[in-house]
Amino acid sequence: MTLSAESAVAHPLEDLVRMDRIPHIWCPGCGTGTVFTACLTAIKQTGIPYNQFAMVSGIGCSGRGAGYINIDSFHTTHGRAIPFATGIKMANPAIHVIVFSGDGDLFAIGGNHFIHAARRNMDITVICVNNLTYGMTGGQAAATTPFKAKTATTTSGNPETPFNLPLLAWASGATHVARWTMLHTRDLADSIHQALLHPGFSFIEALSPCPVNFGRRNKEKTLDTLKKYHDSTIVKNGADMDELDIDFSKGVVLGTFVQRSKPTHHETYRKMYWPEG
C-alpha cells in the first residue's frame, strides 16, 4: 500500500530542512547527517523562533549543513566561518549564531579564528564534526588525524601529534566545552541544546566516521567505527583536560567538561563603548 501526498506524515524536523535540496550529498556511512539532525533537534527543543537563529559553515563535507537548514544561513569561505559568525553576532546580538563545520575547516586553516573567538568569549555555538581527516578534498592529514593513521598525504602513517580539541577550546577561553559521538545522538542533541542557551563561546566536538577517505585507508568500516564509539568511550563530565586525547585503545572520554560564567564579548564591549546614560 502506498501513501498519498495528503496522508503522508511529515518528518518532525521537516520545517527546518530545505526539502528542495534533498537528497543530501553525504556518503553512505558518514555521520555528518546524524550530527546535523541532532543540531536541528536541539534548535527545535529551545522553543526559540527560527528567525532568531543563523547558521554559518565553512568549506568541507559538514559545510553543506548551512545549505540544507531552513533558516538564515551562510556557506562561507574555507576556514572563515567563525569570522562571519562573529560579524553576525556583533551586528545583531539577539541572533543565536551556530557554526556547523569540520575539524579541517575549524582547526587547520581556521584555527587562528577559533582561538580568538574563544578568547573574546563570543556568544556563538561552534559544532565541530570531527572525522579525523579532510573528507571532502581527498583524505589528506588533518590537525586531528590520529598518530600513525594513514591518509592521502601520510601513506605510511601520520607522524604528527593531533590536537586535543576540548583542551584547545578551554585553553583559548571557551566557557562551555563538550564532546560526544554521532552514535550518542540523544546526548549530542541535549548537549547542543544546552550550548545554544549558554551565554558565551560554546564548543561541541562530535566524533563522526568518514568511511570513504579515512576508514578505507585505515581498513575500518563504518560499523567498526560505531562499535568503537560504543565499546571504547566513557562518559565523564568534568574530566581533566589532559584525559581527553582521542585514543580508542585506551578509551575516549565524552561529556561536558567546561561550564563557567564570564561576561560575553558583547556585554563587555557595550559596557565600555555604549554605557547607559
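Given the structure is predicted, the values throughout are model-derived calculations rather than measurements.

**Concerning the environment of Q52**
Looking at the element boundaries, Q52 is found in the loop between α1 (32-46) and β1 (53-57). Taking relative accessible area as the criterion, Q52 reaches 33% and is therefore assigned partly exposed. Q52 sits 61 residues away from H113 along the chain, and the two C-alpha atoms are 24 Å apart. Once residues within four sequence positions are removed from consideration, Q52 is found in contact with A94, I95 and H96.

**Observations regarding the sheet that holds strand β3 (residues 96-102)**
Taken together, eight strands build an open sheet; the order of strands is β2-β1-β3-β4-β6-β5-β8-β7 and the sheet is mixed. The sheet is open, and its two borders are formed by β2 (72-75) and β7 (233-235), each paired with just one other strand. Recorded for the sheet is a direction-independent mean angle of 20° between the axes of neighbouring strands. As paired elements, β1 and β3 share four bridges and run parallel to each other. Of the residues in β3, the one forming a bridge with V56 is V99. Here helix α7 (residues 185-197) sits on the sheet and contacts β1, β3, β4 (124-130), β5 (176-181), β6 (202-207) and β8 (252-259); the angle it forms with β5, its principal contact strand, is near 165°.

**Examining the nonpolar core**
In terms of nonpolar packing, the biggest core is built from 37 residues, with M55 and I192 touching the most fellow members. The biggest single contributor to this core is α1, with seven residues. Every residue in contact with M55, bar those within four places of it in the chain, is listed here: F36, C39, G65, A66, I69, I71, D72, S73, F74, I98 and F100. If you look at the next biggest cluster of nonpolar residues, it comprises 31 residues, including L106, F114, M122 and L168.

**So, the pairing of β4**
Counting buried positions over the seven residues of β4 gives seven, a clear majority of the element. With burial as the criterion, each face of β4 is covered, one bearing I124, V126, C128 and N130 and the other bearing T125, I127 and V129. The sheet contact formed by β3 and β4 spans six bridges and is parallel. Opposite V97, over in β4, you have I124 as the bridge partner. Two strands pair when backbone bridges link them, and β4 and β6 are joined in this way by six bridges, in the parallel orientation. Among the inter-strand pairings, T125 is bridged to a residue of β6, identified as S202.

Analysis parameters
Counting restarts for each chain, with residues numbered from 1 along the sequence as it is written. Two thresholds apply to this predicted model, a pLDDT of at least 70 for residue-level local features and 80 or more for giving and counting side-chain atom pairs, whereas whole-chain, interface and lining totals are computed over all residues. Hydrogens and water molecules were not included; the side-chain quantities draw on all heavy atoms of the structure. Secondary structure elements are defined from DSSP: runs of H or I of at least 4 residues count as helices, runs of E of at least 2 residues count as strands, and each element is numbered from the N terminus. Burial classification: accessible surface area is computed with a 1.4 Å probe over protein chains only, and a residue below 20% of its type maximum counts as buried, one above 50% as exposed, and the rest as partly exposed. A contact between two residues is defined here by any heavy atoms of the two lying within 4.5 Å. In short, DSSP must find at least two bridges between two strands for them to pair. All axes are obtained by fitting lines to C-alpha atoms, using only the stretch in contact for helices, and the reported angles, taken between N-to-C directions, cover 0 to 180 degrees. Think of a nonpolar core as a cluster: buried Ala, Val, Leu, Ile, Met, Phe, Trp, Tyr and Cys residues, connected wherever their side-chain atoms sit within 4.5 Å.

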